[in-house]
Amino acid sequence: MSRTIELFPDVSAIAQKAAALYVEAAQQAVRERGVFRVAMAGGSTPKALHALLVAEPFRSQLPFDKMQIFFGDERHVPPDHSDSNYRMVNETFISKTPIKPDQVFRIKAELADTEKAALDYEQTLKTQFALKPTALPRFDLMLLGMGNEGHTLSLFPGTTALRDNGRLVVRTWVGKLFTERITCTAPVANNSAAIIFMIAGADKAPALKAVLEGPFEPEQLPSQLIKPSNGKLFFLVDSAAGGMLSKEWAAH
Ligand code: 6PG
């Protein structure tokens, strides 16, 4: 695994770097396999990236007709709900591109039965990636965020989703939010060709320091589970989130 940690002044500088990496990953995947399969992230940090990707100079470099859009996790709400990750990605990215509905694979989080939604998405991944029974999908790129207590995807501290049970997608009860989530598992993330964490805000500084410089305790800090087995890992961090890091990271 190759890991790069870069500090930037703010979210828009993170987004610039992420957009360049996104275009590079898309072009390379299309060159090599004719398709770019990306898992998009939820939360709010990715919005700045999406705004860049739909505008020049990035827009004309993206192979929209060869892209397949997936989701790393979803909140237990219908797709038109203000908390829906799909809704955010659709409003800020997909709807502003020529990407067609049959290129978009969303998690059916409107189902009351979250186990059904998780199994349904697992089947979607198996079908789209033409997987043999125990194989993992390999995303060309997975975008991730990190919560201020170290969660990523919907892998929250101390939850059942952290257990490696051979599943690609699981439902998970997140007690502190009193809600269910549906999430890809860490082994799925770790099989990606590239992973980009975008992390901004001073509230994330202690957890980020612990994730990168503290002992390996992923039950407390699930972001520590993210270690691609044969891929590149980028931490793009703003100076506020990176404010407690003690080592000398490359500054921009
Ligand atoms: C979600 C996410 C989650 C998110 C982090 C960071 O559905 O909430 O996928 O893992 O990426 O919570 O969110 P922000 O970018 O809003 O800080």
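One structure accompanies this document, and this report is about it.

Here is what the cut-offs are and how they apply
Residues numbered from 1 in each chain as written. Predicted model: local features only at pLDDT ≥ 70, side-chain atom pairs only at ≥ 80, totals over all residues. Heavy atoms only, no water. Axes fitted to C-alpha atoms, helices over the stretch in contact; angles between N-to-C directions. Helix = DSSP H or I, 4+ residues; strand = E, 2+ residues; numbered from the N terminus. Parallel < 35°, antiparallel > 145°, perpendicular 65-115°, else oblique. Left-handed = near helix turned anticlockwise from the far one by under 90°. Contact = heavy atoms within 4.5 Å. Nonpolar A, V, L, I, M, F, W, Y, C, P; charged D, E, K, R; others polar. 1 Å grid on protein atoms, 1.4 Å probe; cavity = no way out; pocket = protein on both sides within 12 Å on 5 of 7 lines; lining within 4 Å. Points joined across faces, edges and corners; volume = space filled by probe spheres on them. Core = buried A, V, L, I, M, F, W, Y, C linked by side-chain atoms within 4.5 Å. Buried < 20%, exposed > 50% of the residue type's maximum accessible area, 1.4 Å probe, protein only. Salt bridge = Lys/Arg side-chain N within 4 Å of Asp/Glu carboxyl O.

## Thoughts on the packing of helix α1 (residues 11-33) against helix α2 (residues 46-53)
And then number 1: Two elements in contact, α1 and α2, have axes whose closest approach is 8 Å; the angle formed by their N-to-C orientations is 55 degrees. If you check the angle between α1 and α2, you find them oblique. When the axes of α1 and α2 are compared, the crossing they make is right-handed. Residues Val 11, Ala 15, Gln 16, Ala 18, Ala 19 and Tyr 22 of α1 pack against Ala 48, Leu 49, Leu 52 and Leu 53 of α2.
And then number 2: Of the residues contributing to the contact of α1 with α2, the split by class is 9 nonpolar, 1 polar and no charged.

## Points about the layout of surface pockets
And then number 1: In this structure, the largest pocket encloses a volume near 420 Å³.
And then number 2: Elements that contribute at least two residues to the lining of the largest pocket include exactly β4 (73-75) and β5 (141-144).
And then number 3: Taken together, 17 residues make up the lining of the second largest pocket; nearest its centre are Gln 28, Asp 140, Ala 193, Ala 194 and Lys 232.
And then number 4: Secondary-structure elements contributing two or more residues to the lining of the second largest pocket are α1, β8 (194-199) and β9 (232-238).
And then number 5: Top contributing element to the lining of the second largest pocket by residue count: α1, with 7 residues.
And then number 6: In the lining of the second largest pocket, the residues fall into 8 nonpolar, 3 polar and 6 charged.

## Points about the nonpolar core
And then number 1: One finds Tyr 22, Phe 36, Ile 69 and Phe 93 to be the most contacted residues of the largest nonpolar core, which totals 84 residues.
And then number 2: Of the residues forming this core, the biggest block, 12 residues, is contributed by α1.
And then number 3: Those residues in contact with Ile 69 that sit more than four places away from it in its chain are Tyr 22, Val 38, Met 40, Phe 93, Ile 94, Ile 99, Gln 103, Val 104 and Phe 105.

## So, the packing of α2 against helix α3 (residues 85-92)
And then number 1: Relative orientation of the contacting elements α2 and α3 amounts to 30 degrees, with a least axis distance of 9 Å. Of the possible angle classes, the one that applies to α2 and α3 is roughly parallel. The chirality of how α2 crosses α3 is right-handed. Here Pro 46, Lys 47, His 50 and Ala 51 of α2 lie close against α3, whose contacting residues are Met 88, Val 89 and Thr 92.
And then number 2: In terms of residue class, the contact of α2 with α3 is built from 4 nonpolar, 2 polar and 1 charged.

## Regarding the side chain of Thr 159
And then number 1: Mapped onto the elements of the fold, Thr 159 is located in the loop between β5 and β6 (169-174).
And then number 2: Look past the residues within four positions of Thr 159 in its chain and what remains in contact with it is Thr 172 and Trp 173.

## Quick word on the pattern of salt bridges
And then number 1: Within the structure shown, the criterion is met by 14 salt bridges.
And then number 2: Arg 167 is paired through a salt bridge with Glu 115; the nearest N and O atoms lie 3.1 Å apart. With Arg 167 in the loop between β5 and β6 and Glu 115 in helix α4 (residues 114-128), the pair connects residues that are 52 residues apart, well separated along the chain.
And then number 3: Of the charged contacts, one joins Lys 209 and Glu 213 as a salt bridge, the two residues approaching to 2.9 Å between their closest N and O atoms. Placement of both Lys 209 and Glu 213 in helix α6 (residues 205-213) is noted, with a separation of 4 residues, approximately one turn of the helix.
And then number 4: Classification of Lys 209 by relative accessible area gives partly exposed; the value is 24%.
And then number 5: Look at the salt bridges and you will find they share partners, linking Glu 115, Glu 122, Lys 126 and Arg 167 into a network.

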